[in-house]
Amino acid sequence: KLLQRKVFFTVHDGILHTGEKNFIMQFFTNYRMKYSDSLIYLTKYVKRLVEEEYKIIKSSYVVPLPIIENNFINVKKNNEGSRNLLFLGRIDKYKGVEMLMNSAVAISNEFDKLIIAGKSLYPIEYLKHEKIEIKDKYLSEEEIGELLSWADVLILPYTEATQSAVITLGIYAELPMICTNVGGFSEQLREDESFWCEPNKEDLAFAIEEAFKNLEKYNNIKSRLMEKKNELSWSAIAEQIEHILLS
C-alpha cells in the first residue's frame with residue numbers, strides 16, 4: 001500500500017474456529033481484509049461469513065484450494081478388501097475426534113482399523129480400543145503419504161469448517177471420504193463425490209457402514225475424484241489467479 005500497489009489478500013478462515021479464538025490473530029486478519037484492495041476467498045461460505053460478521057464488503061473473488069500433491073502416496077486402483085479408516089491432520093476441538101471415536105466404537109465390527117494421526121492442540125482423552133490407533137504427533141510428508149496409501153476411507157468428522165486442505169490430499173490420493181455437511185465442504189466436494197453425514201455420532205456411524213458396504217457408490221466416488229484432480233490442479237488454479245491479477 002505504501003508503494004501505491006494494488007493489494008490482494010487471500011482469506012483462509014476470515015473468522016477463527018472454536019478453539020483457535022485469538023484476539024491478536026483475528027485483529028490482524030481483520031486489518032488485512034479491511035485495507036486490501038481485493039479479497040480472494042477459498043469458498044463462498046467464508047465470503048458470506050466475513051460480509052455478515054464484519055461488514056467487509058469489497059471487490060472479491062472465490063478461487064478453490066488447489067490439489068496438494070504428495071509423492072509418497074501410492075494411489076489404490078480399487079478397494080482391496082480392507083476396511084481401513086483414517087483421520088488425518090492437526091487436531092483441534094472443532095474437528096470432532098471425540099465424536100469419531102464414539103461412533104467407531106459403536107460399530108467396531110464394520111471396519112478393520114481406525115488411525116487418528118496428527119498433533120493435538122488440546123488435551124484429549126483418547127478411547128482405548130483394539131481397533132483404534134493414535135499417532136499424536138507432527139507428521140512428515142512421507143508419513144502422510146504412507147497413511148493415505150494405507151487408508152480405504154478418509155474421514156472428516158468436523159463440527160464446523162470453512163474448507164480443508166485434507167480434502168485436497170484425499171482428492172489427490174483418489175481416496176473416498178466421509179465428510180460432515182458443514183461449512184464450505186460442499187463447495188470442495190459435490191454431493192456425489194463424498195459420503196455425507198450430519199455432525200452427530202449416529203449419522204457418522206451410518207456413513208462409516210455405508211462407505212464399506214456400498215461398493216458401487218464407493219467406486220463411483222473414486223472415479224469422480226480421479227477426474228477432479230485435473231479440475232483442481234495447480235496449473236488450473238494458477239490460471240484463475242493470473243486472470244484475477246491482470247483484470
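Anything mentioned here points back to the structure above.
Throughout what follows, the structure given in this document is the object of discussion. (Residues numbered from 1 in each chain as written. Predicted model: local features only at pLDDT ≥ 70, side-chain atom pairs only at ≥ 80, totals over all residues. Heavy atoms only, no water.)

1. Overview of the overall build of the protein
To keep things clear, this is the line we draw: Per the convention used, a helix needs a DSSP run of H or I reaching at least four residues, while a strand needs a run of E reaching at least two, with both numbered from the N terminus. A radius of gyration in this sense is built from C-alpha atoms; the matching globule rule multiplies 2.2 Å by the number of residues raised to 0.38. Only protein chains enter the accessibility calculation, which uses a 1.4 Å probe. A residue is then buried if its area is under 20% of the maximum for its type, exposed if over 50%, and partly exposed in between. The criterion used for residue contact is that any of the two residues' heavy atoms lie within 4.5 Å. Using the Shrake-Rupley algorithm and a 1.4 Å probe, accessible areas are obtained, with residue cover drawn only from the displayed protein chains. For this count, His and the chain ends are skipped, Lys and Arg are scored as positive, and Asp and Glu as negative. Working definition for charges: the position is that of NZ of Lys, CZ of Arg, CG of Asp or CD of Glu.
What the protein contains, in helices and strands, is nine helices and nine strands. The C-alpha atoms of the protein give 19 Å as radius of gyration, which agrees with the globular expectation for 247 residues (18 Å, within 12%). If one aligns the C-alpha atoms of the protein with their principal axes, the spans along those axes are about 60 × 40 × 30 Å. Buried positions account for 48% of the 247 residues belonging to the protein. A sequence separation of at least 24 residues applies to 64% of the contacts in the protein between residues at least 6 apart. Surface exposure of the protein reaches about 12900 Å², of which carbon and sulfur atoms provide 51%. Across the protein, the centroid of the 31 positively charged side chains sits 5 Å from that of the 37 negatively charged ones.

2. A look at the sheet that holds strand 6 (residues 132-135)
Put simply, the rule is: Any two strands with at least two DSSP-identified bridges between them are counted as paired. Every angle, taken between N-to-C directions, lies between 0 and 180 degrees, and every axis is a line fitted to C-alpha atoms, over only the stretch in contact when it is a helix.
What the six strands build is an open sheet, ordered 6-5-4-7-8-9; its pairing is parallel. The open sheet has two edge strands, strand 6 and strand 9 (195-197), and neither has a second partner. Here the strands of the sheet are splayed against their neighbours by 20° on average, with no regard to which way each runs.

3. Let's talk about helix 2 (residues 44-54)
This is how the line gets drawn: The arc in question is formed by the directions pointing from the helix axis toward the C-beta atoms.
Inspection of helix 2 places Val46, Val50 and Glu51 among the buried residues, and these make up the whole buried set. Around the axis of helix 2, the buried residues are gathered within 130° of arc, so they sit on the same side. Summarising the geometry of helix 2, the exposed residues directed more than 90 degrees from the buried face are Lys44, Glu52 and Glu53. The secondary structure elements touched by the buried residues of helix 2 are strand 1 (8-11), helix 1 (23-35) and strand 2 (38-41). Positive phi shows up at lysine 55, right after helix 2, with a value of about 55°.

4. Let's talk about the pairing of strand 7 (residues 153-156)
Here strand 7 shows no split at all, with Val153 and Ile155 on one side and Leu154 and Leu156 on the other all buried. Pairing analysis gives two bridges linking strand 4 (residues 84-88) to strand 7, with the strands arranged parallel. In the sheet register, leucine 86 faces strand 7, and the bridge partner there is leucine 154. Direction of pairing for strand 7 relative to strand 8 (residues 177-180): parallel, over a ladder of three bridges. When the sheet's bridge partners are listed, leucine 156 is paired in strand 8 with cysteine 179.

5. Description of a nonpolar patch on the surface
What counts here: Here the term patch refers to residues with relative accessible area over 30% and no salt bridge, with like charges joined within 9 Å and nonpolar side chains (Val, Leu, Ile, Met, Phe, Trp, Tyr) within 5 Å. Here a salt bridge means any side-chain nitrogen of Lys or Arg lying within 4 Å of a carboxyl oxygen belonging to Asp or Glu.
Taken together, the side chains of Phe23, Ile24, Phe27, Phe28, Tyr31 and Tyr35 define a hydrophobic patch exposed on the protein surface, amounting to about 710 Å² of accessible area. Mapped onto the secondary structure, phenylalanine 28 falls in helix 1.

6. So, the environment of serine 60
Which entries qualify depends on this criterion: Whenever a nitrogen or oxygen atom comes within 3.5 Å of another N or O atom, the pair is scored as a polar contact, on the condition that within protein one atom can donate a hydrogen and the other can accept it, and that pairs from neighbouring residues in sequence are kept only if both atoms are in side chains.
Looking at the element boundaries, serine 60 is found in strand 3 (residues 60-62). With relative accessibility at 21%, the residue serine 60 sits in the partly exposed group. A sequence separation of 29 residues divides serine 60 from glycine 89, and the C-alpha atoms of the two residues are 29 Å apart. Excluding its chain neighbours within four sequence positions, the residues that come into contact with serine 60 are Leu39, Tyr41 and Lys47. Looking at serine 60, its side chain comes within polar contact range of the side chain of lysine 47, at 3.0 Å.

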